[in-house]
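Topology and contacts: notes
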Amino acid sequence: MNIVVCISSVPDTTSKVNFTENNTKFDNSGIQFVINPNDEFGLTKAMLLKEANGGSVKVITVGDATAEPVIRKALAIGADSAVRINKVATDSFSTAALIASYLKENPADLIIAGKESLDYNGGAVPAMIAEILGLAFVSACNGMEISGRSAILTREIDGGKEILAADLPLVIGGQKGLVEESDLRIPNMRGIMQARTKPLEVIEAEGVEELTTSVSFEKPAEKGACKLVDADNVAELVSLLRNEAKVI
Amino acid sequence: MSVLVYTESWIGNFRKSSFEAVSYASETAKLLGTDVIAISLGEVSDEQLKKLGNYGASKVITCAAIEKGDSQAATNAIATAANDASIIVFSNTNTAKMIAPRLSAKLKAGAISNVIALAENTTPITVKRKAFSSKAIELTKVNTEKAILCFTPNSYQLIETGGSCSIETSSVNEKGAITIQGQETASSKISLSEAEIVVSGGRGLKGPENWGMIEELAEVLGAATACSKPVADIGWRPHAEHVGQTGKVVTADLYIAIGISGAIQHLAGVNSSKVMVAINTDPEAPFFKAADYGIVGDAFEVVPKLIQEIKKLKN
Ligand SMILES: Cc1cc2nc3c(=O)[nH]c(=O)nc-3n(C[C@H](O)[C@H](O)[C@H](O)COP(=O)(O)OP(=O)(O)OC[C@H]3O[C@@H](n4cnc5c(N)ncnc54)[C@H](O)[C@@H]3O)c2cc1C
Ligand SMILES: Nc1ncnc2c1ncn2[C@@H]1O[C@H](COP(=O)(O)O)[C@@H](O)[C@H]1O
């Protein structure tokens with residue numbers, strides 16, 4: 001089974017979010033980039049499937065050279081090879097279209113992405129890849145069993161879960177539950193050494209078409225100081241919530 | 001030209017977020033001087049369908065044979081109905097998140113997710129959305145003629161118009177490459193992503209046996225229950241309740257955090273709630289920096305009092 005895992009490189013959550021160039025660009029300085037957490041679940045799932053069924057795991061990223069440390073980390077975790085499409089990822093459609101056109105030339109049996117990225121929280125790239133390639137798609141996927149060419153999948157829905165069946169090839173937007181958090185692979189020394197010599201192909205982006213454009217950023221209004229209420233005066237909290245905040 | 005809005009039912013009834021979506025679509029249609037058409041997938045009674053009129057839909061197209069979990073079939077059905085639409089509105093449910101981007105790629109219509117306000121400009125469509133786990137707001141514009149806007153549940157108010165809508169039955173029943181085998185309903189009555197009030201517990205509650213008071217507080221407030229990540233990881237509460245960076249995102253009117261320290265990864269999932277309350281024994285707990293109201297105190301004393309006070313208020 002040939003598995004492709006789509007990886008996005010995102011600022012670690014503890015990063016301070018700042019903008020430059022008159023609030024039009026995300027300020028990368030001093031930011032620690034990590035593999036998008038949803039993609040880590042997908043990558044480990046891909047490793048487990050490969051170990052059970054044979055085949056290969058390839059990671060793909062749309063990004064400039066600053067994404068390479070994150071790609072090397074994915075290789076150190078166990079992916080066999082990597083592809084970087086050389087373009088700073090902007091809107092979801094152009095990112096998905098670039099990945100899809102690579103996949104048209106280099107078909108995969110299973111395409112695993114994350115349900116959303118931590119930075120722009122678009123939650124859009126995998127669904128768009130599926131549409132461009134005309135494939136079945138499951139988002140917020142928190143379980144997947146594969147036997148032969150058939151997959152049984154579960155997805156989270158608001159108020160419960162849904163169980164679905166599809167044949168490969170298919171696309172998923174994975175999340176926690178795809179594998180247990182305690183099973184997440186982390187790179188070991190041997191993996192890190194091997195990653196240095198694993199193939200990382202860089203492809204130039206062509207025919208980019210952007211459907212949306214980021215205009216500017218702002219930070220949410222600062223919260224005022226927290227109003228503290230005495231523990232012996234719970235009635236006052238209730239009165240504030242009713243009369244001042246008007247939420248109960 | 002019209003505004004098309006995707007509406008979603010759950011166990012036979014429309015979700016509250018669908019009525020919000022119709023209200024949002026209706027205000028957007030006013031900006032463009034046009035009408036709102038709703039689309040509903042799966043079996044929904046006429047009585048439910050008619051309710052959409054009260055929020056501003058002039059017509060609803062019902063596709064009873066389409067299963068919404070089949071994103072290919074759903075996308076094709078909506079694309080057909082969207083022929084004449086200049087804006088297509090979704091409320092961000094898990095299912096909508098599967099369909100809207102597919103539709104964007106199919107129609108080559110720019111899609112914007114996590115929208116939190118009406119369009120600031122309509123030529124081109126320019127709206128505000130949440131980004132960076134609610135740590136920033138991004139102004140984004142659509143470069144195409146058609147636009148798809150997916151807004152965050154509970155970020156737009158319901159506006160009842162007292163209007164009514166006609167019902168058009170669509171016979172589309174094409175299937176995609178997926179089969180739906182079944183659904184399981186979680187026990188909690190109110191869906192976390194749509195809840196107006198959320199009562200959430202952390203490791204400060206010491207053990208699962210102490211959740212009785214959390215559930216009771218939620219009950220008297222008509223709230224959904226949630227928890228921090230370690231609480232779900234240890235198995236005190238189901239994973240479906242876990243909120244934060246790696247769990248669900250809530251945009252409640254009121255979020256009450258009990259025995260939760262307020263780690264940044266937790267706040268990432270809750271800090272776009274309108275009002276936050278922290279109850280914690282430790283005055284240095286980071287949650288007090290994010291909260292609007294707080295009580296420094298022992299949850300085991302404060303929560304029962306809170307339940308009593310709210311009961312008094314409700315009677
Ligand atoms: C990559 C990553 C992702 C993460 N994702 C998430 C996520 O999605 N969601 C999430 O929640 N966390 C997440 N975390 C974990 C997060 O960093 C915190 O560890 C976690 O939120 C702490 O949970 P807690 O507040 O319940 O527990 P604790 O940090 O142990 O806090 C318990 C609190 O209860 C208070 N307390 C104790 N006794 C009482 C009492 N009797 N009455 C009142 N208060 C009391 C204490 O003062 C303390 O503040 C993530 C961490 C990482 C590294
Ligand atoms: N620049 C990118 N390169 C490769 N994969 C990406 C990129 N951006 C997003 N993805 C994939 O799409 C998923 C959802 O991202 P998004 O649609 O940006 O929220 C991520 O979890 C990744 O798996």
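Structure: above.
In short, a report on the structure.

Rules used throughout
Residues numbered from 1 in each chain as written. Chains lettered and ligands numbered in written order. Predicted model: local features only at pLDDT ≥ 70, side-chain atom pairs only at ≥ 80, totals over all residues. Heavy atoms only, no water. Helix = DSSP H or I, 4+ residues; strand = E, 2+ residues; numbered from the N terminus. Rg over C-alpha atoms; globule rule 2.2 N^0.38 Å. Buried < 20%, exposed > 50% of the residue type's maximum accessible area, 1.4 Å probe, protein only. Contact = heavy atoms within 4.5 Å. Near = heavy atom within 4 Å. Polar contact = N/O pair within 3.5 Å; in protein donor to acceptor, adjacent residues only side chain to side chain. Areas by Shrake-Rupley, 256 points an atom, 1.4 Å probe, with all protein chains shown as cover. Nonpolar A, V, L, I, M, F, W, Y, C, P; charged D, E, K, R; others polar. Pairing = 2+ DSSP bridges. Core = buried A, V, L, I, M, F, W, Y, C linked by side-chain atoms within 4.5 Å. Lys, Arg positive; Asp, Glu negative; His and termini not counted. Salt bridge = Lys/Arg side-chain N within 4 Å of Asp/Glu carboxyl O. Patch = residues over 30% accessible without salt bridge, like charges linked within 9 Å, V, L, I, M, F, W, Y side chains within 5 Å. Axes fitted to C-alpha atoms, helices over the stretch in contact; angles between N-to-C directions. Arc of directions from axis to C-beta.

Moving on: the overall build of chain B. Along the backbone of chain B there are nine helices and 18 strands. A compact globule built from 315 residues would reach a C-alpha radius of gyration of about 20 Å, and chain B, at 21 Å, matches this within 12%. Along the first, second and third principal axes, the C-alpha atoms of chain B reach 60 × 40 × 40 Å. Every one of the 315 residues in chain B was classed for burial, and the buried ones make up 60%. Considering only intrachain contacts with a sequence separation of at least 6, the fraction spanning at least 24 residues in chain B is 65%.

Bringing the site of ligand 2 into the picture now. Residues and elements named next belong to chain A. The environment of ligand 2 is made up of 21 residues, and the closest members are Cys-6, Asp-39, Ser-117, Gly-123 and Ala-124. Here an oxygen atom of ligand 2 sits 2.9 Å away from a polar atom, N or O, in the main chain of Gly-114. Between ligand 2 and Ala-124, the relevant distance is 2.7 Å, taken from an oxygen atom to a main-chain nitrogen or oxygen of the residue. Calculation on ligand 2 without its partners gives an accessible area of 470 Å², and the protein chains cover 94% of this total. Elements with a contribution of two residues or more to the shell around ligand 2: strand 6 (56-63), helix 3 (92-105), strand 8 (110-114) and helix 4 (125-133). Examining the composition of the shell around ligand 2, we find that three residues originate from one element, strand 6, more than from any other. Split by residue class, the shell around ligand 2 holds ten nonpolar, nine polar and two charged.

Right, let's get into the site of ligand 1. Residue and element names in this part refer to chain B. Taken together, 26 residues surround ligand 1, and among them Arg-203, Ser-228, Ser-261, His-266 and Asn-280 come closest. Within the contact set of ligand 1, an oxygen atom lies 2.9 Å away from a side-chain nitrogen or oxygen of His-242. When isolated, ligand 1 has an accessible area of 990 Å², and the protein chains bury 75% of it. Elements that contribute at least two residues to the shell around ligand 1 include exactly helix 6 (229-234), helix 7 (264-267) and helix 9 (299-314).

For the rest of this paragraph, the subject is the pairing of strand 7 (residues 81-86) of chain A. All names here are of chain A. Most of strand 7 is tucked away, with five of its six residues classed as buried. Pairing analysis gives six bridges linking strand 6 to strand 7, with the strands arranged parallel. Paired with Ile-60 across the strands is Val-83, a residue of strand 7. As paired strands, strand 7 and strand 13 (residues 200-204) are joined by five bridges and run parallel to one another.

All right, on to the nonpolar core then. Judged by nonpolar contacts, the single largest core of 39 residues is most densely connected at Val-5, Val-59, Leu-110, Met-144, Leu-153 and Leu-170 of chain A. Of all the elements, helix 2 (residues 68-77) of chain A adds the most residues to this core, at six residues. Setting aside chain neighbours within four positions, we find Leu-110 of chain A in contact with Met-1, Asn-2, Ile-3, Val-4, Leu-49, Met-144, Ile-146, Leu-168 and Leu-170 of chain A. Listed in part, the 37 residues of the second largest apolar core include Val-229 and Val-234 of chain A together with Cys-227 and Ile-295 of chain B.

Residues and elements named next belong to chain B. Along the polypeptide, Lys-146 turns up in the loop between strand 10 (136-142) and strand 11 (147-151). With no salt bridge to any partner, buried Lys-146 finds its closest opposite charge in Asp-84, at an N-O distance of 7.0 Å. Here Ala-85 takes part through its backbone oxygen, which lies 2.9 Å from a polar atom of the side chain of Lys-146. When neighbours within four sequence positions are excluded, Lys-146 is seen to be in contact with Ala-82, Asn-83, Asp-84, Ala-85, Ser-86, Ile-88, Leu-107, Ala-109 and Gly-110.

Residue and element names in this part refer to chain B. Along strand 16 (residues 254-258), five of the five residues are buried, which leaves the element largely enclosed by surrounding structure. With five bridges joining them, strand 14 (residues 197-201) and strand 16 adopt parallel strand pairing. The residue of strand 16 that forms the bridge with Val-198 is Tyr-255. Across five bridges, the pairing between strand 16 and strand 17 (residues 275-280) is parallel. Note on strand 17: the bridge partner recorded for Ile-258 is Ile-279.

A grouping of Met-189, Ile-192 and Met-193 of chain A is seen on the molecular surface, where their side chains present a nonpolar patch of about 290 Å² in accessible area. In this fold, Met-193 of chain A is placed in helix 5 (residues 189-195).

In this section: the sheet that holds strand 8 of chain A. Taken in spatial order, the ten strands make up an open sheet running 13(A)-7(A)-6(A)-1(A)-8(A)-12(A)-9(A)-10(A)-11(A)-13(B), and their pairing is mixed. Each of the sheet's edge strands pairs with one partner strand only, and the pair in question is strand 13 of chain A together with strand 13 (178-185) of chain B. Here the average twist between neighbouring strands, direction ignored, is 30°.

Cis geometry is adopted by the peptide bond preceding Pro-169 of chain A, which originates at Leu-168 of chain A and carries an omega value of 0°. Relative to the assigned elements, Pro-169 of chain A resides in the loop between strand 11 (160-167) and strand 12 (170-174). Cis rather than trans, the peptide bond between Thr-123 of chain B and Pro-124 of chain B has omega equal to -5°. Of note, Pro-124 of chain B is situated in the loop between strand 8 (121-122) and strand 9 (125-131). Of note, Asn-23 of chain A is a non-glycine position whose phi angle comes to about 60°, a positive value.

In this assembly, 88 residues from chain B lie in contact with 76 residues from chain A. For the pair chain B and chain A, the number of links is nine salt bridges. A salt bridge links Lys-223 of chain A to Asp-292 of chain B; its shortest N-O distance comes to 2.8 Å. Our count for the chain B to chain A interface comes out at 43 residue pairs in polar contact (both at pLDDT 80 or more). Take the side of chain B that touches chain A: its biggest share by element is nine residues, from helix 4 (residues 94-107) of chain B.

Quick look at helix 6 (residues 234-244) of chain A now. Turning to helix 6 of chain A, its buried residues number three or more, namely Val-234, Leu-237, Val-238, Leu-240 and Leu-241 of chain A. Here the buried residues of helix 6 of chain A occupy an arc of 160° about the axis, which is enough to place them on one side. The inward-facing, buried residues of helix 6 of chain A contact strand 15 (227-229) of chain A together with strand 16, strand 17, strand 18 (293-296) and helix 9 of chain B. The positive-phi residue at the C-terminal boundary of helix 6 of chain A is Lys-246 of chain A, with phi of around 55°.

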